[in-house]
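Next come the chains, spelled out residue by residue.
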Amino acid sequence: MRPTLSEQILGARRVLVELAAPEVSDSYLQEQITFAAAALEHAAARWPEVLPELVTDIRALEEVLGVEPAELEEAVPGVVHLAAAEEYHRGLRARLTDEIMSGSKPPPAVRAYLADSTERLR
Amino acid sequence: MAIEFDNALEGFIRRRLGDVVGIRVEGEARAIGGQSRENWPFDLFWEDGGQSHHRRLFLRRDPVGSVLETDRRVEYEVLRRLHDQPVRAPEVVWLDADGSELGRPALVMTRYDGFNDHFILQGGTSRLDEDTRVGIASQMVDLMIEIHALDWRDAGLDEVLAVPADPAAAAIDEWAAVIERQSLEPQPLLAVIEQWLRRNRPEPGEITVVHGDIKPGNVLFDGDQVQVLLDWETVHLGDPTEDVGWVTNPVRRIEHQIPGRWEAEDLVSAYEARTGRTVDRDALRFWQVLANYKLVAIVMTGVRNFCDGRTLRVWSGAGLLAKVLLAQTAEELG
């Protein structure tokens, strides 16, 4: 559907950059507009990747924790409810955090997962 | 809003100057720079006993969503005690410790001539030649040595700063608590780093004043001279290697080093030669990891402030720090 969410976000960024910024002389306000415009640009580029990357991270966490993969798909195969997936993901991360804090040196698989996860979830 | 602040500032000044007339504040405007404090340079004029007076001042006020949870009273008391000490610290003038007068905690200090240039060693805005920049880098080491050489007992700093029995353990506890308090989600990676820090922490040794955030961005320069170190909000007593680790942190290379001319090992060698101390390289690595653990805590505080609506700035950068921390802790020390 057009405009896509990315296009709408970039449209909001144009309002800031093309309309608001030229009217602002205060350097503090200019700096804040620059930060906001950069954030919108980042959001527009990244949001379509968020859900698939979240599912990938969930599967990786399940593997490192040795738990059975959960059923994430709802009525439409391949479509995942974002809020539910985030909540489940948070639970897995909390469980891994607890395991690390209660153990001694973490096994290589945990560090490998963390390295991969850091790359994926920027 | 601006008028309210102007009135509050004038009232704050009037209560401190007492029975004087013609108080006038000029030039006050929020200055760019400083992620954790609002900076307001201003000129103060007044008349007293037929004499005209003028002071150039600088007000630093806590913002609504600060990324550092530090106490203005501690900073004020430290700077007051450092005024007659051989260290380039600013003169503090007044304090609003609880923000009851200026809206939020604030301190007023003398404003100095000079310029600020975060990336002066890389050229920055000053565009000094390379030899001059190497000279400035060397002066930054002298500045650090001045701080570490302070007789903190004689200066009475132990009246306002805790004396840690184990500086490394205290630092881990402090920043782990910030992460625990500020984090919006579970952080398995930081759990791994915290455990690494606890396993690899150096034994307690000499206790000195530690500045905690030495960098060109916190300095005022006069030409090619380091004039004064402005920001003392993270000052504490601890292990001097902490500051050496902070300025040799690979993530902050661009601020502290000049490729091929002044790199981390040059900095450490200069520090060792001028102080007679030997910097234990394992301890140095520990403090470099701690530096990034601390930076992650600061970024997380910024993220929470943004998500809670206390600040406008969108914070990012934790991903890069996470990668660096994993690489830095790939092996155990010793």
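Structure's up top.
Residues numbered from 1 in each chain as written. Chains lettered and ligands numbered in written order. Predicted model: local features only at pLDDT ≥ 70, side-chain atom pairs only at ≥ 80, totals over all residues. Heavy atoms only, no water.

Looking at helix α9 (residues 281-307) of chain B
All names here are of chain B.
Step number 1: Taking 1.5 Å as the rise per residue, α9 with 27 residues should run 39 Å; its terminal C-alpha atoms sit 39 Å apart, in good agreement.
Step number 2: Within α9, 20 of the 27 residues are buried, which leaves the element mostly enclosed by the surrounding structure.
Step number 3: Of the residues that open α9, the one with a side-chain oxygen 3.0 Å from the backbone nitrogen of D282 is D280. (Helix = DSSP H or I, 4+ residues; strand = E, 2+ residues; numbered from the N terminus. Expected span 1.5 Å × (residues − 1). Buried < 20%, exposed > 50% of the residue type's maximum accessible area, 1.4 Å probe, protein only. Polar contact = N/O pair within 3.5 Å; in protein donor to acceptor, adjacent residues only side chain to side chain.)

Things to note about unusual backbone geometry
Step number 1: Located in the positive-phi region is R127 of chain B, a residue other than glycine, with phi close to 55 degrees.
Step number 2: Note on placement: R127 of chain B falls in the loop between β5 (106-110) and α3 (130-148).

Side note on helix α2 (residues 72-82) of chain B
Residues and elements named next belong to chain B.
Step number 1: For α2, a buried count of eight out of 11 residues is recorded, marking the element as mostly surrounded by other parts of the structure.
Step number 2: Turning to α2, its buried residues number three or more, namely R72, E75, Y76, E77, V78, L79, R81 and L82.
Step number 3: Tucked into the core, α2 has its buried residues touching β3 (51-61), β4 (92-96) and β5.
Step number 4: One side-chain oxygen of the residue at the start of α2 lies 2.8 Å from the amide nitrogen of R73, identifying that residue as D71. (Contact = heavy atoms within 4.5 Å.)

Some details on the interface of chain A and chain B
Step number 1: With 23 residues of chain A at the interface, the matching set in chain B holds 23 residues.
Step number 2: Across the chain A/chain B interface, buried area totals approximately 2200 Å², and carbon plus sulfur atoms make up 64% of it.
Step number 3: Our count for the chain A to chain B interface comes out at one salt bridge.
Step number 4: Here E119 of chain A ties to K323 of chain B by a salt bridge, and the two come within 3.5 Å at their closest N and O atoms.
Step number 5: Where chain A touches chain B, the interface holds seven residue pairs in polar contact (both at pLDDT 80 or more).
Step number 6: Among the secondary structure elements, those contributing two or more residues to the side of chain A that touches chain B are α2 (27-65), α3 (82-102) and α4 (108-120) of chain A.
Step number 7: The leading source of residues in the side of chain A that touches chain B is α3 of chain A, at seven residues.
Step number 8: A class-by-class count of the residues in the side of chain A that touches chain B yields 11 nonpolar, six polar and six charged. (Buried area = accessible area lost by both parts, 1.4 Å probe. Salt bridge = Lys/Arg side-chain N within 4 Å of Asp/Glu carboxyl O. Nonpolar A, V, L, I, M, F, W, Y, C, P; charged D, E, K, R; others polar.)

Things to note about the packing of α4 of chain A against helix α10 (residues 318-328) of chain B
Step number 1: At a closest axis distance of 9 Å, the pairing of α4 of chain A and α10 of chain B adopts a crossing angle of 155 degrees. Taken together, α4 of chain A and α10 of chain B sit at an angle that is classed as roughly antiparallel. Two packed elements cross with a definite hand, and for α4 of chain A against α10 of chain B that hand is left-handed. Where α4 of chain A abuts α10 of chain B, its residues R111, L114, A115, T118 and E119 of chain A lie against G319, A322, K323 and L326 of chain B.
Step number 2: Residue composition of the contact of α4 of chain A with α10 of chain B, by class: four nonpolar, two polar and three charged. (Axes fitted to C-alpha atoms, helices over the stretch in contact; angles between N-to-C directions. Parallel < 35°, antiparallel > 145°, perpendicular 65-115°, else oblique. Left-handed = near helix turned anticlockwise from the far one by under 90°.)

Quick notes on the packing of helix α1 (residues 5-20) of chain A against α2 of chain A
Residues and elements named next belong to chain A.
Step number 1: Axis separation between α1 and α2 bottoms out at 9 Å; the angle between their running directions is 165 degrees. By the angle between their directions, the pair α1 and α2 is classed as roughly antiparallel. α1 and α2 meet at a crossing whose hand is left-handed. Where α1 abuts α2, its residues L5, S6, I9, L10, A12, R13, L16, V17 and A20 lie against I33, A36, A37, L40, E41, A43, A44, W47 and P48.

Side note on the nonpolar core
Residues and elements named next belong to chain B.
Step number 1: Counting 96 residues, the largest nonpolar core has L197, W232, F286, L290 and Y293 as the members making the most contacts within it.
Step number 2: For this core, the element with the most residues is α9, which contributes 13 residues.
Step number 3: Discounting chain neighbours no more than four positions away, the residues touching F286 are A168, I172, W196, L197, N200, R201, P202 and L333.
Step number 4: L9, I13, L44 and L59 belong to the second largest nonpolar core, which has 18 residues in total. (Core = buried A, V, L, I, M, F, W, Y, C linked by side-chain atoms within 4.5 Å.)

Overview of the packing of aromatic side chains
Residues and elements named next belong to chain B.
Step number 1: For the structure on display, the rule yields four aromatic pairs over all chains.
Step number 2: Judged by centre distance (6.2 Å) and plane angle (85 degrees), the ring pair of F12 and W94 falls under edge-to-face. Of the two residues, F12 sits in helix α1 (residues 2-17) while W94 sits in strand β4, which places them 82 residues apart along the sequence.
Step number 3: Judged by relative accessible area, which is 12%, W94 ranks as buried.
Step number 4: The lysine or arginine in question, R24, covers the ring of F45, its NZ or CZ lying 4.4 Å from the ring centre. (Phe/Tyr/Trp six-rings, centres within 6.5 Å; stacked < 30°, edge-to-face > 60°. Lys NZ or Arg CZ within 6 Å of the ring centre and 35° of its normal.)

Some remarks on the pattern of salt bridges
Where charged atoms from two side chains of opposite charge come close, those side chains can pair.
Step number 1: If you walk through the whole model with that rule in mind, you get 38 salt bridges over all chains.
Step number 2: Across the pair R13 of chain A and E41 of chain A runs a salt bridge whose closest N-O atoms are separated by 3.3 Å. Remark: E41 of chain A occurs in helix α2 and R13 of chain A occurs in helix α1; sequence separation between them is 28 residues.
Step number 3: The exposure class of E41 of chain A is partly exposed, given its relative accessible area of 41%.
Step number 4: For the salt bridge of E233 of chain B with R72 of chain B, the shortest nitrogen-to-oxygen distance reads 3.9 Å.

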